[in-house]
Amino acid sequence: MERKIILALCILVTPCLGYSKNRQRIPNGHIVPHPCKTNYLWPGVGHTNSEGAGQNNQFGLDFKDAHEWWTKELCMKDSDGDGMTNGWELGDPDCEWKEGSIPKRDTGLSHPGVCNPYGEGICAGKDEYVNCEIKEDRERKVKNISDVKHFDVRFDKITVPATKTTYFCQYFELPFQNEDFHVVADSGIIDNRHVAHHIVLYGCPDYKRIDPKDLSPYQCNMASSCISVIGFWTVGYPGACYGENLGYRIGKNGFKKFKMEIHFNNVELVNGYTDTSGLRLYYRPALLHIQALATLVVGQMLFEIPSGQESVEVSAVCPQHCSRALMKQPLYLWSTLNHMHYMGIMVSSQKTQITRNGQLVSVIADDPRYNYDFPKPHDQVAPVKIQPGDEITTTCMYSSVSKNRYVYYGEGTSDQMCFSLLTVYPATALPHTKWCISYDQLSICEWEDKTPKFQCDWARFADFSNPESKQRYSSLEANCNVNGFCRPECKKVVDELTKHPCLKDKGMERVVNDLLQDSKKGALFLARLHSCSMKNGHIYKEVVNCNESCPKPQNDKCPNGNAASISGPHLISMALASLLLL
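Residues numbered from 1 in each chain as written. Predicted model: local features only at pLDDT ≥ 70, side-chain atom pairs only at ≥ 80, totals over all residues. Heavy atoms only, no water.

Colleague: I would appreciate a short explanation of the sheet that holds strand 12 (residues 291-292) in the present structure.
Modeller: Strand pairing in a sheet relies on backbone hydrogen bonds, with the paired strands running either antiparallel or parallel. Spatially, five strands are ordered 1-11-4-8-12 in an open sheet, and the strand pairing comes out mixed. This sheet does not close on itself; its edge strands, each paired only once, are strand 1 (149-154) and strand 12. Of the strand pairs in this sheet, strand 1 and strand 11 (residues 278-285) are connected by six bridges, and their pairing is antiparallel. Residue pairing for strand 11: His-150 is matched across the bridge by Tyr-282. (Pairing = 2+ DSSP bridges. Helix = DSSP H or I, 4+ residues; strand = E, 2+ residues; numbered from the N terminus.)

So, in structure tokens, the structure goes:
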């Protein structure tokens, strides 16, 4: 009976045979850690390759009855003999969880059917069926090319902070700059797998000045003046090999400066971890037949995902007028890599496609069950031609059934992303920028060009040294509080200000609000702007019909069919006032 329980648990946390919904039938079933692959989630026994346990559904269990397994009896058992109950390992220590509810915790989890710590102490010799192989290094075609050499771009030794998400950056200068070369392959050099989450290498323009202190690692954010992606590593991705005819140009007439960004994910908040990870770049002399590559990034940077939902769609579009503005000539697609974070392993999906004049040209990357631990590069058998004026769309579908709070776009592992990286050539076809991203309903073209559609010069609006912006801020400061009290004279000032194009259009207002909150002065501006969303020092609550106006997670209850609706501005005012006045 005990062996049957272990095997049942192993299967319940797998999406094999199309029963991915069975993960919902145990607590935290979507985020069970792999027992021996640091930073990986458990993909299940339904896989027959190195991604999983190397076993199939040989146990004869009936998936239709999977919901019957999570009982208090099963929860209290220690099925794998590691001294912890199944409930403790899955975040339900008191055995209170019911299907559709949120577990008591979602950190410090372990696999209930695999003895932990794997291969050590009382667990030594157990669970031989678990495949712990990590295939990061692979044979490359370039090794058969006689003129290929390599050099490493690696961090100087750093101590990784005991925080969940940290970004570090370091600039590098190419040691050889008098000749032209092409980078024809890359691979990750991963020093500390406990914390390395992903690495991005950017090529920097010649005019980029590098502060000497930035030639050593420093904490940073994702935003960068170097936006040309030329190398990428993430968990489960072995690197890229472009063969004999393609490569990123470096040297005399290419990139001479680089910026490497590493995302560290220290989930257990361990003190003392160090790291010297980086990338190995394979390069060869530039030849006339080698096409210079570029990475075109399409994605969405402003979205939110409600909790407790089986399916939430987020899309990003590089629209016709934008691709026409960005592309100097047709592009040819070599490969596409979709990129999301963890949101229900093997439940979320992402698809990227190209349309022309409303007609589908090609689906260039389709991941019906996206797996962050094993991202799949979609190489083209024959290059796909992308014309100026084509529309590129990437659509991400998320499952948030394991979440008890909203998830937003962000840099942290617990946040979400929706990007597609298109490896294209020739690089000269994209002279201005290699990014065609969306900010809610706005594309980068509206964002950068201040399109007449909105009549909003967002840069001037958010620049408080600009005379007009300074006057707006002074007027708000003189008439509006940040302590929740609505001054009568404030309403008139706010009514006039909200007629401004940057605040009148809801799409642009959302973008500008997001931009302003990143600075203290901008946050104070928002707090004063929304101070009359408060009433007598308290949040003004408007009772509305729950079913019509308060979309709730499935496990939330709405007493008496009604709920108090608090709008975004109310929350902004409350949060900013309380934080900034401390």
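Colleague: Would you mind going over the side chain of His-378 with me for this structure?
Modeller: Structurally, His-378 can be placed in strand 19 (residues 378-386). Contacts of His-378, omitting those with residues within four sequence positions, involve Trp-334, Ser-335, Thr-336, Ile-364, Ala-365, Asp-366 and Asp-367. (Contact = heavy atoms within 4.5 Å.)

Colleague: Sorry, what's going on with the environment of Arg-284 here?
Modeller: Within the fold, Arg-284 resides in strand 11. With relative accessibility at 6%, the residue Arg-284 sits in the buried group. Placed 102 residues apart in sequence, Arg-284 and His-182 show a C-alpha to C-alpha distance of 5.6 Å. (Buried < 20%, exposed > 50% of the residue type's maximum accessible area, 1.4 Å probe, protein only.)

Colleague: Would you explain the pattern of salt bridges in this entry?
Modeller: Pairs may arise between side chains of opposite charge once their charged atoms sit close together. The full count for this structure, using the stated rule, is 13 salt bridges. For Asp-147, the salt bridge goes to Arg-284, with nearest N and O atoms at 3.2 Å. Taken together, the positions of Asp-147 in the loop between helix 3 (86-89) and strand 1 and Arg-284 in strand 11 put the pair 137 residues apart, joining distant regions of the chain. In this structure Asp-147 comes out as partly exposed when scored by relative accessible area, which is 26%. In this structure, Glu-304 engages Arg-510 in a salt bridge whose closest nitrogen and oxygen atoms are separated by 2.2 Å. Of this pair, Glu-304 sits in strand 14 (residues 304-305) while Arg-510 sits in helix 10 (residues 506-516), and the two are 206 residues apart along the sequence. A relative accessible area of 25% places Arg-510 in the partly exposed class. (Salt bridge = Lys/Arg side-chain N within 4 Å of Asp/Glu carboxyl O.)

Colleague: What's the story with the nonpolar core in this structure? I'm lost.
Modeller: Where a protein is soluble and globular, its nonpolar side chains tend to be buried together. Core analysis: the biggest nonpolar cluster contains 88 residues, and Leu-296 and Tyr-398 have the highest contact counts within it. Leu-302, Phe-461, Phe-525 and Leu-529 belong to the second-largest nonpolar core, a separate cluster that totals 26 residues. (Core = buried A, V, L, I, M, F, W, Y, C linked by side-chain atoms within 4.5 Å.)

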